[in-house]
Amino acid sequence: MRRVVHRPTAAALLFLQHLLLSPKAKGKRHLNPRHAHARTESRGRPLHRQPQLPRPAPPLGQRGTETAEHAAAAAAPPSIPLRAPSSPDDSEGLGHTPMAVLRLRIPPKLRASVLGAVGRLELKFDPRLGLKRFKRYQFDFYTETIPYVCLFLLALFSLGVMAHPLWFKLFLITAYTTLVLIPFSGQFVLPATPIFSWLLFYYSCQFIPSKYRPHIWVSVLPTLESVLYGANISDILTRWTNPALDILAWIPYGILHFALPFIVAAVLFVFAPPGAVKFWGTAFGYLNLFGVMIQVLFPCAPPWYELREGLVPANYGMRGSAGGLARIDAIFGSHGYETTFSGAPVPFGAFPSLHAGCSTMEALFLTHFFPQFAPFYWSYIFVLYWSTMYLTHHYLIDLVAGGSLAVVCFYYFLPEEFKNLNAPPPISNAIPHDPESINPNGHPNGYGGWENDDGDDGEGYEMPMAS
């Protein structure tokens, strides 16, 4: 099968290789000051390389007495000096005034992983190409058509209840459609469609009229916790607080919870097999989407409501509360968390805990693809579970429900090729070391071959997605 290397991809790989390759692999004529001096003086005429004279041997009486500095200098790897220009026309910075020395040392395995991940990207920006691919793509009815239709109907509902001008809604639709059709952005946006649907639905929940919302349950969660676990665990954990514990609980709950989804996606993109990022976007997006749906259909008051209002019936006119995060605002002299939580779209969304669900999903992914650090992942999970109860945002039953929902979504959307990563690869008749043998469609990124982009004889096309 003919393999086509896209020119933008090849150019990007060459640029990255120039940045990531070790100094030993780069040109060495700048390492010698005499070469830089010769090049500076020979500007405007052909550069003649100076002959390298052999280093004279030390006197007979000094042989074997070289200093440790000489030995260390000989054993040290070469580096590429960055020098300031000696004159305005010395654009290459090869003057005689040294400024700094840059040693770019990247482990070979990390360098190979980064280059391989970037090589799987598609660097085309023509939306007509994306439209042509979309027309030729054959959607699977159960795994693709039905989910995308449901997400489309949910988006229509979210846009319909949203109290914003029509031009703003049209802008969202146009922006999403354009980003999907552009091949470069579509490989990121299309797998993240469940995540965008969750964010849109979550934001639109604040515009749902109160008369259509269900009853708010105030005493269900503390009663269930007392029946199942013998006591109100979250109430016990909040009886004794101090600033050190506040900071310890705030770091995973208020910082890492929002940063780790991006970090996990980047780690999967670079180090995991192709297709892991698509799996991450699907499982993580549907986890949060299902969680918000449950919170809207089964609204329950969190622990901070019991501490503030007791068991008085709640209504949708009540504002949310930052709970224990108000102490963080007091430490830093701000009102950020109090302002954010008081205007939350779903103030009575204690069950299930999406903090617990997201952290459990992150631990499941990292444990599945990188099991050597599993104790570290799950230690973080237990700290975050504690922080949600310590900061009076969730009961223990909420954490159990959120973690269970994450496990269900992970194993339901787990692709067949990722179910046994330690199994030996199947024996095939493909030519060894042939990049096209990675995918039967002929593209090494694992999501479809596009060498027939300009023709109409291709079948079985797949939408390109970042792997």
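Bear in mind the structure is a predicted one, so any value in this text is a computation, not a measurement.

Enquirer: How should the overall build of the protein be read in this particular structure?
Expert: Along the protein, the regular secondary structure elements total 19 helices and two strands. Looking at the protein as a whole, 40% of its 467 residues are labelled buried. In the protein, the proportion of contacts linking residues at least 24 apart, taken out of those at least 6 apart, comes to 73%. Of the roughly 26,900 Å² that the protein leaves accessible, carbon and sulfur atoms contribute 67%.

Enquirer: Whenever I open this one, helix α12 (residues 243-271) confuses me. Can you help?
Expert: One turn of the α-helix equals 3.6 residues, which is why residues spaced by three or four share an orientation. L256 marks the point of greatest bend in α12, at about 55°. One side-chain oxygen of the residue at the start of α12 lies 3.0 Å from the amide nitrogen of A244, identifying that residue as N242.

Enquirer: For this particular structure, what's the right way to read the pattern of salt bridges?
Expert: Side-chain pairing between opposite charges can occur once the charged atoms of the two side chains come close. Applying the stated criterion across every chain yields a total of six salt bridges. A salt bridge links R133 to E122; its shortest N-O distance comes to 2.4 Å. Residue R133 is located in helix α5 (residues 127-136), and its partner E122 is located in the loop between α4 (108-119) and α5; the two are separated by 11 residues in the primary sequence. On the basis of relative accessible area, R133 is assigned to the buried category, the value being 1%. The exposure class assigned to E122 is buried, which follows from its relative accessible area of 6%.

Enquirer: Explain the packing of aromatic side chains to me, please; I cannot follow it from the model alone.
Expert: Aromatic ring pairs are reported here in terms of the distance separating the ring centres and the angle at which the planes meet. Taken as a whole and assessed by the stated rule, the structure comprises 30 aromatic pairs. Relative to F184, the ring of F125 has its centre 5.0 Å away and its plane inclined at 35°; by these criteria the two rings are tilted. Of the two residues, F125 sits in the loop between α4 and α5 while F184 sits in helix α8 (residues 183-189), which places them 59 residues apart along the sequence. We classify F184 as partly exposed; its relative accessible area is 28%. Measuring from ring centre to ring centre gives 5.7 Å for Y203 and F207, while their planes differ by 70°; the resulting arrangement is edge-to-face. According to the relative accessible area criterion, Y203 is partly exposed, its value standing at 34%. What links up through ring pairs into an aromatic cluster is the set W198, F279, W280, F284, F365, F369, F370, F410, Y411 and F418.

Enquirer: How do you make sense of the confidence of the model for the protein when you look at a structure like this?
Expert: Averaged over every residue, the pLDDT of the protein is 77; the share at 70 or more is 68%. Scored below 50 in pLDDT, residues 1-5 makes 12 contacts in the model with residues more than four places away or belonging to other chains. Of the regions scoring below 50 in pLDDT, residues 61-69 engages in three contacts with residues more than four places distant in sequence or in other chains.

Enquirer: Looking at this structure, I do not really get the packing of α12 against helix α15 (residues 325-332). What am I missing?
Expert: The relative placement of two packed helices is expressed as an angle between their axes plus a distance between the axes. Relative to each other, α12 and α15 sit at 110°, their axes nearing to 10 Å. Classed by the angle they form, the pair α12 and α15 counts as roughly perpendicular. The residues of α15 that touch α12, namely those facing P243, D246, I247, W250 and Y253, are L325, R327, I328, I331 and F332. Tallied by class, the residues present in the contact of α12 with α15 amount to eight nonpolar, no polar and two charged.

Enquirer: Got a minute to help me understand empty space enclosed by the protein in this structure?
Expert: Unoccupied space between atoms shows up once a probe the size of one water molecule is rolled over them. Taken as a whole and assessed by the stated rule, the structure comprises two cavities of 30 Å³ or more. Estimates place the volume of the largest cavity at around 100 Å³. For the lining of the largest cavity, the residue count by class is nine nonpolar, one polar and one charged.

Enquirer: Whenever I open this one, the packing of helix α6 (residues 141-161) against helix α9 (residues 193-204) confuses me. Can you help?
Expert: One can describe the packing of α6 onto α9 by two numbers: an axis separation of 9 Å at closest approach and a directional angle of 25°. Taken together, α6 and α9 sit at an angle that is classed as roughly parallel. The handedness of the crossing between α6 and α9 comes out as left-handed. Contacts from Y148, L151, L154, A155, F157, S158, L159 and V161 of α6 reach α9 at T193, P194, S197, L200, F201 and S204. For the contact of α6 with α9, the class distribution of residues is 10 nonpolar, four polar and no charged.

Enquirer: Would you mind going over the nonpolar core with me for this structure?
Expert: It is characteristic of soluble globular proteins that their nonpolar side chains tend to be buried jointly. Counting residues in each nonpolar core, the largest one holds 53 residues, and the members touching the most others are L268, F279, W280, M361, F365 and F369. Where this core is concerned, the elements lending two or more residues are α6, α9, α12, α13 (276-297), α17 (354-369), α18 (374-390) and α19 (396-413). Counting residues per element, this core draws most heavily on α13, at 11 residues. For M361, the residues in contact, after removing those within four places along its chain, are W280, A283, F284, L287, A406, C409 and F410. One finds L325, Y337, Y390 and L391 within the second-largest nonpolar core, a separate group that totals nine residues.

Enquirer: Could you clarify how one ought to interpret a nonpolar patch on the surface in this entry?
Expert: Taken together, the side chains of L224, V227, L228, Y229 and V400 define a hydrophobic patch exposed on the protein surface, amounting to about 440 Å² of accessible area. Element by element, the count of residues in the nonpolar patch is highest for helix α10 (residues 220-229), at four residues.

About the thresholds
Residues numbered from 1 in each chain as written. Predicted model: local features only at pLDDT ≥ 70, side-chain atom pairs only at ≥ 80, totals over all residues. Heavy atoms only, no water. Helix = DSSP H or I, 4+ residues; strand = E, 2+ residues; numbered from the N terminus. Buried < 20%, exposed > 50% of the residue type's maximum accessible area, 1.4 Å probe, protein only. Contact = heavy atoms within 4.5 Å. Areas by Shrake-Rupley, 256 points an atom, 1.4 Å probe, with all protein chains shown as cover. Bend = angle between axes of the 7 residues up to and from the residue. Polar contact = N/O pair within 3.5 Å; in protein donor to acceptor, adjacent residues only side chain to side chain. Salt bridge = Lys/Arg side-chain N within 4 Å of Asp/Glu carboxyl O. Phe/Tyr/Trp six-rings, centres within 6.5 Å; stacked < 30°, edge-to-face > 60°. pLDDT = per-residue confidence, 0-100. Axes fitted to C-alpha atoms, helices over the stretch in contact; angles between N-to-C directions. Parallel < 35°, antiparallel > 145°, perpendicular 65-115°, else oblique. Nonpolar A, V, L, I, M, F, W, Y, C, P; charged D, E, K, R; others polar. 1 Å grid on protein atoms, 1.4 Å probe; cavity = no way out; pocket = protein on both sides within 12 Å on 5 of 7 lines; lining within 4 Å. Points joined across faces, edges and corners; volume = space filled by probe spheres on them. Left-handed = near helix turned anticlockwise from the far one by under 90°. Core = buried A, V, L, I, M, F, W, Y, C linked by side-chain atoms within 4.5 Å. Patch = residues over 30% accessible without salt bridge, like charges linked within 9 Å, V, L, I, M, F, W, Y side chains within 5 Å.

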